[in-house]
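# Coordinate analysis (summary)
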Amino acid sequence: MNSIALTWKLARTGGRRGWQGQLLAAAAAAISVLILLLLLAVYLGAGTRGDHAAWRTPSPDPRGTAVQALSTTFVRGTPVTVVQLAQLPDRPATAPPPGLTDFSQPGEVYLSPALAALIRELPAGQLAGRFPRPASYHTIGRAGLASPDELIAVIGRTPADPAISSLPESDAGLGLTARAVVSGFARTAANPGSLFAFDQTGALMAVGLLVVPVLVLAAASGRLGAARREQRLAGLRLAGATPRQILAMTGAEAFAVGAAGAMAGAAAYGLLLPLVARVPYGVGAWYPGDLWVGPAYLIAMIVLIAGVIAVSAMSALRRVAMAPLGVARQADPQRTRTARLVVFLVAAGYIGVRASQGNLGIGGTLTLMLLCYGAYLTLGPWVVDRLGRIIGRFARRPAMLLAARRLSDDPRGAWRTVSGLVLAGFVAGFCSVAQLGAIGASYPGQVAVQVTPAEGGQTVEDLAAQARDRLRAAGLIATVQADPDDSLLWDSGIVAQITGGPAEIDTALTVLTGLVPGVAPYTQDLGNADITMTVRQLGQVGFAALLLGFLTAATSAGLTAAATVLDRRRTYRLLRLAGTPLALLNRARTWETAVPLVILAGGTTALGVFAATRLNSMVGTGQSTNAGRLAACVLVGAVAMFAAIGASRPLLRAVTADPVRADD
Amino acid sequence: MSEALAGYGLVKKYGSATALAGVDVAVRARESLAIMGPSGSGKSTLLHVLAGVIRPDEGRVMLGEERIDRLGENRLSALRRDRFGFVFQSGQLLPELPAEENVALPLMLSGSRRREAVIRARRWFGPLGLDGLERRRPGQLSGGQAQRVAIARALVVEPDVVFADEPTGALDQATGEEVIRLLTTVTGSLGAALVMVTHDAGVAAHCDRIVQVRDGLIAGRRQSAVAPTRNGAAS
Ligand SMILES: Nc1ncnc2c1ncn2[C@@H]1O[C@H](COP(=O)(O)OP(=O)(O)O)[C@@H](O)[C@H]1O
Ligand SMILES: [Mg+2]
């Protein structure tokens with residue numbers, strides 16, 4: 001009989017327990033694939049939607065046919081991208097940008113659906129008044145939009161219109177204002193615009209944070225399956241199957257189960273797409289199509305996870321396959337090298353030096369944080385080993401002794417179980433302390449209008465007086481100054497200090513539009529736009545990583561605990577038979593996870609807090625701990641972990657309940 | 001001399017299958033009893049009923065003057081821990097504990113301090129020929145050595161009765177003989193009774209008495225022909 005047929009027969013004769021094990025392993029595979037596909041979807045989707053956004057930034061061509069001007073205004077603090085187009089006379093007609101049916105004629109206004117809705121919703125004096133008001137608006141189609149939530153207006157002008165001609169050609173790298181003669185509109189670009197700058201980086205961060213825990217989860221599920229199969233395979237070994245055959249069978253079965261689960265996970269990904277697409281990231285929610293990774297990636301992920309599960313199952317089974325009596329003979333306990341400590345110390349030293357130099361910028365800080373985590377990853381097993389030995393020396397209660405001995409017996413395994421939460425601890429520690437939202441210039445309530453000296457004859461004081469009139473007419477309480485000392489202004493101009501909230505600011509922005517023809521008033525939001533977006537996305541990535549990190553870490557801890565019970569069911573059964581209380585065995589199992597978890601996850605949480613305080617003092621904001629959120633994260637993590645371990649208690653009870661089967 | 005452990009009229013059914021069909025069996029202090037019989041005849045069931053692991057459907061189990069087959073689960077657990085010792089075919093040692101801690105574990109479970117428990121455990125290594133192996137882990141021991149560590153663990157609580165289920169099942173002939181010789185003599189020198197399940201006549205021959213079980217009934221009893229005179233020396 002060939003291996004595959006034999007494997008199938010074995011799988012079918014595995015009984016109810018066997019099927020339950022397969023189901024668990026398949027579920028873990030499904031979760032792994034689901035998370036990996038979502039990460040991949042966000043990464044690829046960020047690229048796709050960047051392509052959809054690329055056309056708004058003009059790509060200069062001196063022999064072009066039209067003038068394109070990009071500017072950004074804010075409503076309720078949210079950026080509105082404004083693209084103004086003017087066909088140059090005596091030049092060939094310009095093709096319309098993506099999402100527009102025709103090249104906009106002077107006076108025509110195209111709005112994204114979200115902006116159109118907002119214009120209907122808000123009083124004209126707060127938003128619509130900033131743009132020309134045609135009899136009816138056109139709608140920008142999906143091809144020109146990165147997100148259904150995007151706020152975009154495309155306005156047709158004549159080339160001489162000051163709204164276009166007085167716009168600066170660039171805004172010193174901010175990427176929110178630009179003007180150029182163009183010959184067409186890019187549909188793919190390396191630089192999709194500053195509001196999308198962090199999209200892919202953020203997605204990559206999430207991948208970096210989650211890929212290891214997800215693979216650990218897949219491997220844990222492979223181990224669980226192997227533990228279930230061990231008994232039948234040991235019997236086969238006695239019946240004369242060669243180790244190679246047994247490994248092949250195990251691999252085939254684990255792969256099949258993993259692939260089945262992975263396909264379910266892929267299907268779940270497909271079904272969840274419309275829901276996931278509603279989760280905002282950066283500029284807003286997604287078009288579901290942008291999150292579709294395509295069949296090639298889908299298959300690749302399924303194969304990857306099924307492969308990891310098969311390899312993990314085979315390596316878990318190697319011991320049994322080699323020893324005919326099924327007695328796991330592990331000669332020496334694993335030793336962890338002190339070299340790990342050296343690597344960690346070198347990395348930590350480097351991090352310390354770089355951090356004390358300050359002024360790393362966001363990128364440098366992130367790199368350093370990842371390095372921190374890498375160093376921790378190296379150090380983890382070594383710390384677990386040491387912990388085991390120290391506790392082993394001083395333990396008095398048998399449960400503690402058992403836990404300690406297990407830690408130093410398999411430090412890497414114990415580390416794998418907790419590494420996911422250790423990582424989540426870092427993210428939680430960092431996010432609850434970092435005052436990222438406070439980065440950037442802070443001039444609340446100010447609305448500024450830039451005035452270039454060439455402005456025909458009018459003095460800044462004249463303009464300030466006009467602005468006062470306009471603001472008063474709109475019913476606003478404001479003080480207007482010309483060229484104040486410390487303000488939002490980069491150059492000469494007027495600044496209105498508005499009393500009130502977002503609605504009043506939006507009114508001021510609207511009434512001051514056109515004060516100087518072609519010059520748009522602005523608030524602090526303009527200068528802070530890119531950093532605000534980055535901070536928001538960091539928060540979104542951090543939260544997602546935390547949530548999914550908890551999910552995977554708790555699931556794999558639970559699976560590992562169950563696999564351990566099954567691996568050692570004979571010993572546990574005999575111990576119980578000889579009078580060892582079940583509670584003691586459970587306590588030992590809990591300790592062996594709790595001790596490294598508390599010490600290591602506690603350590604990384606502290607590290608995250610420390611990194612965040614460094615960042616805070618670097619950008620000069622005050623320190624404030626969001627202790628409540630941190631406590632909530634720690635609590636949720638701990639509860640999830642112990643619930644997952646506790647879930648295998650009934651399993652322990654069940655496998656030890658039947659003493660007569662002690663000889664299997 | 002009165003019985004250390006006795007079962008009267010023991011019946012145990014699994015659904016329609018009868019594992020024990022009315023068995024009387026007794027063992028005295030210092031005495032060793034071998035339970036023999038073909039596979040599936042009810043040997044292990046008998047051992048487990050006597051050891052308070054399984055409750056019989058009918059009959060009584062007496063440990064000295066105390067009836068134990070009606071005790072609660074926690075009492076039974078404590079009883080097994082403190083007054084019985086167990087030796088199985090294999091797999092009873094915790095692989096990550098050094099030999100001496102495996103032996104000390106039952107003492108710690110019964111409330112001894114760890115230092116004390118390890119010191120008492122070490123005393124058993126010499127008599128069982130395990131000198132120098134105290135810090136080895138089970139994976140670093142041979143099959144015979146591991147079984148001798150298991151014997152030390154069964155005896156360290158100074159039990160009234162030692163139960164052994166196929167203790168030589170995973171060993172070769174010569175090693176098995178050696179392990180059995182140690183098991184019977186050391187158990188006897190402690191003053192404990194020994195109840196041992198085996199299907200190996202050579203192994204059974206080391207015991208004072210042998211009962212044959214067939215289809216859940218005692219099919220024969222005899223004094224072991226070649227039983228060593230260890231009890232004779234003691235009495
Ligand atoms: N938990 C159980 N459930 C059902 N049948 C059992 C169980 N334990 C033992 N038996 C049955 O009782 C009989 C005696 O079993 P056992 O005492 O293990 O035999 P032996 O140890 O002599 O090989 C066998 O027929 C066995 O199938
Ligand atoms: Mg048996």
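Residues numbered from 1 in each chain as written. Chains lettered and ligands numbered in written order. Predicted model: local features only at pLDDT ≥ 70, side-chain atom pairs only at ≥ 80, totals over all residues. Heavy atoms only, no water.

Next up on the list: the nonpolar core. With 79 residues, the main nonpolar core has A:Leu600, B:Val87, B:Leu128 and B:Leu183 as its most contacted residues. Among the elements that line this core, the one with the most residues is helix H11 (residues 411-433) of chain A, at nine residues. In contact with A:Leu600, other than residues within four places in its own chain, are A:Tyr376, A:Gly380, A:Val383, A:Val384, A:Trp415, A:Val418 and A:Val422. A:Leu36, A:Leu39, A:Ala46 and A:Ala226 belong to the second-largest nonpolar core, a separate cluster that totals 45 residues. (Core = buried A, V, L, I, M, F, W, Y, C linked by side-chain atoms within 4.5 Å. Buried < 20%, exposed > 50% of the residue type's maximum accessible area, 1.4 Å probe, protein only. Helix = DSSP H or I, 4+ residues; strand = E, 2+ residues; numbered from the N terminus. Contact = heavy atoms within 4.5 Å.)

The next subject is the environment of A:Ala520. Mapped onto the elements of the fold, A:Ala520 is located in the loop between helix H13 (502-511) and helix H14 (524-567). Spatially, the C-alpha atoms of A:Ala520 and A:Ala163 are 8.5 Å apart, while their sequence positions differ by 357 residues.

Residues and elements named next belong to chain B. Along its sequence, chain B is organised into domain 1 (1-83 + 160-171 + 187-235) and domain 2 (93-158). One C-alpha centre belongs to domain 1, the other to domain 2, and the line joining them spans 24 Å. Summed over both partners, the interface of domain 1 with domain 2 comes to about 740 Å²; 65% of that surface belongs to carbon and sulfur atoms. By the criterion of area lost to domain 2, the three top residues of domain 1 are Arg81, Leu171 and Leu190, representing 58% of everything that side buries. Joining domain 1 to domain 2, the criterion identifies zero salt bridges. Our count for the domain 1 to domain 2 interface comes out at two residue pairs in polar contact (both at pLDDT 80 or more). (Domains from an automatic or database assignment. Buried area = accessible area lost by both parts, 1.4 Å probe. Salt bridge = Lys/Arg side-chain N within 4 Å of Asp/Glu carboxyl O. Polar contact = N/O pair within 3.5 Å; in protein donor to acceptor, adjacent residues only side chain to side chain.)

What follows deals with the pattern of salt bridges. In the structure shown here, the tally under the stated rule is 23 salt bridges over all chains. When the shortest N-O distance is used, the salt bridge between A:Arg389 and A:Asp385 registers 3.2 Å. Here A:Arg389 and its partner A:Asp385 are both found in helix H9 (residues 361-394), four residues apart, which amounts to about one turn of the helix. Residue A:Arg389 is classed as partly exposed on the basis of its relative accessible area of 29%. The closest approach of N and O atoms between B:Arg70 and B:Asp69, which form a salt bridge, is 3.4 Å.

Let us now look at the sheet that holds strand S4 (residues 138-139) of chain A. Residue and element names in this part refer to chain A. Taken in spatial order, the six strands of this open sheet run S4-S3-S5-S2-S1-S6, and their pairing is mixed. Each edge of the sheet is formed by a strand with only one pairing partner; in this case those strands are S4 and strand S6 (178-182). Note: strand S2 (residues 78-87) against strand S5 (residues 152-156), five bridges, orientation parallel. Bridging from a neighbouring strand, threonine 81 pairs with isoleucine 152 of S5. Contacting strand S1 (66-75), S2, strand S3 (109-111), S4 and S5, helix H3 (residues 113-121) crosses the sheet at an angle of about 105° to S3. (Pairing = 2+ DSSP bridges. Axes fitted to C-alpha atoms, helices over the stretch in contact; angles between N-to-C directions.)

A few words on the site of ligand 1. If you check the shell around ligand 1, you find 12 residues, and the closest are B:Gly40, B:Gly42, B:Lys43, B:Ser44 and B:Thr45. Near ligand 1, residues from chains A and B are present, making the site a shared one. In the environment of ligand 1, an oxygen atom lies 3.0 Å from a nitrogen or oxygen atom belonging to the backbone of B:Gly42. Take B:Thr45: an N or O atom from its side chain is 2.5 Å from an oxygen atom of ligand 1. For ligand 1, whose unbound accessible area comes to 560 Å², protein coverage reaches 65%. The residue makeup of the shell around ligand 1, split by class, is four nonpolar, six polar and two charged. (Near = heavy atom within 4 Å. Areas by Shrake-Rupley, 256 points an atom, 1.4 Å probe, with all protein chains shown as cover. Nonpolar A, V, L, I, M, F, W, Y, C, P; charged D, E, K, R; others polar.)

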